[in-house]
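Chain and residue survey
Chain by chain, the residues:
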Amino acid sequence: MQLWTRSISFLLVVVLLAAHSMGQEKYADPELAPIDRQHWAFKSPVRPKIPADLSEQAVIKNPIDALIVVRLQKAGLKPSPEADKLTLIRRVTLDLTGLPPTPVEVDAFLKDNSPNAYEKVVDRLLASPHFGERWAQHWLDVVRFADSNGYEADSERPDAFRYRDYVIKSFNDDKPYDQFVTEQIAGDELATGKEPRDVADLWVATGMHRCGAVHKVGGNLDAAVLRQERLTEMVNGIGAAFLGLTVGCARCHDHKFDPFSQGDYFRLQAFFSAAEATELDLSTPQDVKSRRQLSDELNARITPLKTEIAAIDAPYRTRIGKAKRDALEPKYKEALAIPTEKRTPEQTKLATETVVLVKVTWEEVLMALSPADRERRTALREQMHELEARLPPPTPAAWCIKNGEQVPETFVLKRGDPKRKLIAVKPGFPRVLTPISARPKSRAELAKWLTTPTHPLTARVIVNRLWHYHFGHGLVGTPNDFGLRGDKPTNPELLDWLACELMNPSDGATCRPWTLKYIHRLIVLSATYRQTTTTTQGAKVDPDNALLWRMNRRRLEAEAIRDSVLAATGALNRQVGGRPVKVPLEPEVYDLIFTESEPDGLWPVTPDVTQHTRRSIYLFNKRNVRLPLFEAFDQPDTLNTCAFRPISTFAPQALILMNGPFMRDHGKTLAIALAKECGGDVGKQIDSLYRRAVGRSPRSEEIRLATDFLDAQTETIRDRLRARLPVGIDPKTLPADADLARVRALVDLCVVVFNTHEFVYIP
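To start, this report covers the structure provided alongside it. Predicted model, so just to flag it, every value in this text is computed and none were measured.

The tendency in soluble globular proteins is for nonpolar side chains to be buried as a group. Within the largest apolar cluster, 118 residues are counted, with the highest numbers of intra-cluster contacts made by W139, Y163, F242 and W467. With 8 residues, helix 18 (residues 458–471) is the single largest residue contributor to this core. The residues touching W467, leaving out its near neighbours within four places in the chain, are I64, I68, G472, H473, G474, L475, L494, L498, I523 and L548. In this structure, A568, L619, V682 and C750 belong to the second largest nonpolar core, which totals 56 residues.

Structure below.
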């Protein structure tokens, strides 16, 4: 009997192990306890009562100030005074557009003594096309947008820019945020049955789901694993951008801290199960015809160049190939000598191996070329690459997703492994955020759920993002994590008021629900936003300024620093939208581009040089190749969603701002412009430089220091000229009566001003 019992036990163990190995493991969602729903972020926002019994000394412009001041009073603090007008126009202009105010705009504001002068500036900036560019950059950080796929090959995405332009246009048009959310989540479903060109924005909007990095390389990559990677990117993007939760933590196991299970994760993934990446044709017959005509014209000129290059290479390839064949071991030579159909399996294997052994690489050809042939070949390839850079882009297509005809079943995966399927699940909302049992099927239903006025997260998450970018710190300090381990709101009443005001504005007669410009306007018109940054009265009680007893000084992002330089020099090309621009790269940056072929022509610089001074948001954003200025000033790597950029301070930043080619080139541009504008009047040159760069006239001490610097530097430059050394400026670019040494010294002064704290910080 004992032996029989042991045998049965052994068989049960074997069966269980077999079931485990066959992927037949079980899974059940953990039960939700009532306490799980008590976290503040899992409850619908409720509009708080605006306090009225406030200090008479406090300036209250709108309810934001009332909700800030009541907290300050409880802490024994008071708001700081309002900043001066010069500070305000520079602050709000950089904040809303990412560009500094022009001297004309500053003068107009300083002269306007009307009670609503500041409000008029705010309304002008909100209507500017540059508003959308500024705030689109923040959104693109969140959805980790780039113009390339990442990973080893980092191949390009020719039509991705349309999503970037969609975001810019949406913000400029003040598209209601609930519509913005819906179009990105389910635009393709809303566009079903309609002519694609008539609803192109709906298709383009779904490019959000393709913003993450993706493998696009050859080799034995598992299709199931790649599909799971794509779905993971989609779900994590939804979780971070709209829910503000770390849902990705539940892919391999139930979330360790939040009441978010693996089942919740894969039910969310099931909404995207049928989604397939596609480039939907938006071209017209004329688009196709025009592209074919231009391509044929250019290829007719490129083909002879390729033929001539091949003719130069041919004798070298023949000679190198013959030498390699002659050097083969006898067994390989014998195998090659036998006709293919008569080879034994072993001889076939040997013959196949010789393909690699006798292959002639481009490196070997280049090494063997004579100096004359190398020079001729290099010139031909430069001509070829110049023509190739002018080839027309692909015809218009939407970089998007759409549902396939089949809807693959979604499973909870053991440890996130697509080979270890547990139970099948249907689309569903996270249980902790859904008080009732629902059985949604489509992404359109997911979008509708996210944008219901009772949803606890969507409105809170976006108003917190706006607050973060205006003040440098969100009301919730972890914008992508409203969960149990995220920061608690420093002012929960204000957060809820803003969320409710977004969804249901107080002035509903004139303001539409869900409009972000309305919230921007409330924030920047508040007395809280207008405070000075220079007071210290609350430092002991609230050293981190969490209660906002003063305004925070914030450093410009990398792109805004570059754009501010271009604006100050007058070189900025203010064109809005269009294909990404490739600017010249430093050699050490160019060397980072992955290639398995010749390392020339890998970065075809945009031929139209006027495009090189476009705003930074339009520069080609390659994941594995970042401009030194951007990398030094904390541009995100776009591999993960970026809720906020870190602010680092280290030596290379100063070196790049002082010695980088971009700064030097545009210091020269500005100096030449000042020489033409002000002639040889040093006082006017210094005044115009300061007004262009930091929006004000220089102080007397600054004038003295700048003048002394110019005098000393001019003499240094004269010594170089006497020694017939280059100074980096072509005299032909200057006015006839200009002093070359003086203008060259002015270049250095321009770069110095670009390096000031005042230039790179929002006051």
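The subject of this paragraph is the layout of surface pockets. A volume near 830 Å³ is recorded for the largest pocket. As for the largest pocket, its lining consists of 28 residues, and the residues nearest its centre are A389, L391, P393, K582 and P604. Residues that form the lining of the largest pocket fall into these classes: 13 nonpolar, 6 polar and 9 charged. Reported here for the second largest pocket is a volume of approximately 680 Å³. Around the second largest pocket, the lining is made up of 33 residues, and of these H468, F471, G472, H473 and R554 lie nearest the centre. Only helix 2 (63–74), helix 6 (129–142), helix 18 and strand 5 (554–555) provide two or more residues apiece to the lining of the second largest pocket. The greatest single-element share of the lining of the second largest pocket, amounting to 4 residues, is contributed by helix 18. Broken down by class, the residue content of the lining of the second largest pocket amounts to 12 nonpolar, 10 polar and 11 charged.

By the element assignment, S295 lies in helix 12 (residues 285–326). When neighbours within four sequence positions are excluded, S295 is seen to be in contact with L391 and P392.

What follows concerns the packing of aromatic side chains. Considering all chains together, one arrives at 19 aromatic pairs under this definition. Judged by centre distance (6.4 Å) and plane angle (85°), the rings of W139 and Y177 are edge-to-face. Of this pair, W139 sits in helix 6 while Y177 sits in helix 8 (residues 177–190); the two residues are 38 residues apart in sequence, bridging distant segments of the chain. Taken as a pair, W139 and Y177 share a single burial class, namely buried. Members of the aromatic cluster, connected to one another through ring pairs, are W139, F145, Y163, Y166, F171, Y177, F180, F242 and W514. The ring of Y529 has R91 sitting right over it, with the charged end atom 5.8 Å from the ring centre.

Turning our attention to the environment of I320. Inspection of the secondary structure assignment puts I320 in helix 12. Residue classification places I320 among the buried residues on the basis of a relative accessible area of 16%. Taking the C-alpha atoms as reference points, I320 and T451, separated by 131 residues in sequence, lie 67 Å from one another. In contact with I320, not counting residues within four places along its chain, are V360, E364, V365 and A368.

Attention shifts here to the side chain of T182. Tracing the chain through its elements places T182 in helix 8. Using a relative accessible area of 19% as the deciding quantity, one classes T182 as buried. Polar side-chain contacts of T182 include one of 2.8 Å to the backbone oxygen of D178. Not counting residues within four places of it along the chain, the set of residues in contact with T182 comprises G187, L190, A447 and T451.

Regarding helix 17 (residues 443–450), the residues found buried are R443, L446, A447, W449 and L450. The buried residues of helix 17 occupy an angular sector of 160° when the element is viewed end-on, so they sit on one face. Lining the buried residues of helix 17 we find helix 8, helix 10 (223–243), helix 11 (262–270), strand 1 (275–281), strand 2 (397–403) and helix 18.

Rules of the game
- Residues numbered from 1 in each chain as written.
- Predicted model: local features only at pLDDT ≥ 70, side-chain atom pairs only at ≥ 80, totals over all residues.
- Heavy atoms only, no water.
- Core = buried A, V, L, I, M, F, W, Y, C linked by side-chain atoms within 4.5 Å.
- Buried < 20%, exposed > 50% of the residue type's maximum accessible area, 1.4 Å probe, protein only.
- Helix = DSSP H or I, 4+ residues; strand = E, 2+ residues; numbered from the N terminus.
- Contact = heavy atoms within 4.5 Å.
- 1 Å grid on protein atoms, 1.4 Å probe; cavity = no way out; pocket = protein on both sides within 12 Å on 5 of 7 lines; lining within 4 Å.
- Points joined across faces, edges and corners; volume = space filled by probe spheres on them.
- Nonpolar A, V, L, I, M, F, W, Y, C, P; charged D, E, K, R; others polar.
- Phe/Tyr/Trp six-rings, centres within 6.5 Å; stacked < 30°, edge-to-face > 60°.
- Lys NZ or Arg CZ within 6 Å of the ring centre and 35° of its normal.
- Polar contact = N/O pair within 3.5 Å; in protein donor to acceptor, adjacent residues only side chain to side chain.
- Arc of directions from axis to C-beta.

Read these as geometric descriptors, not functional statements.
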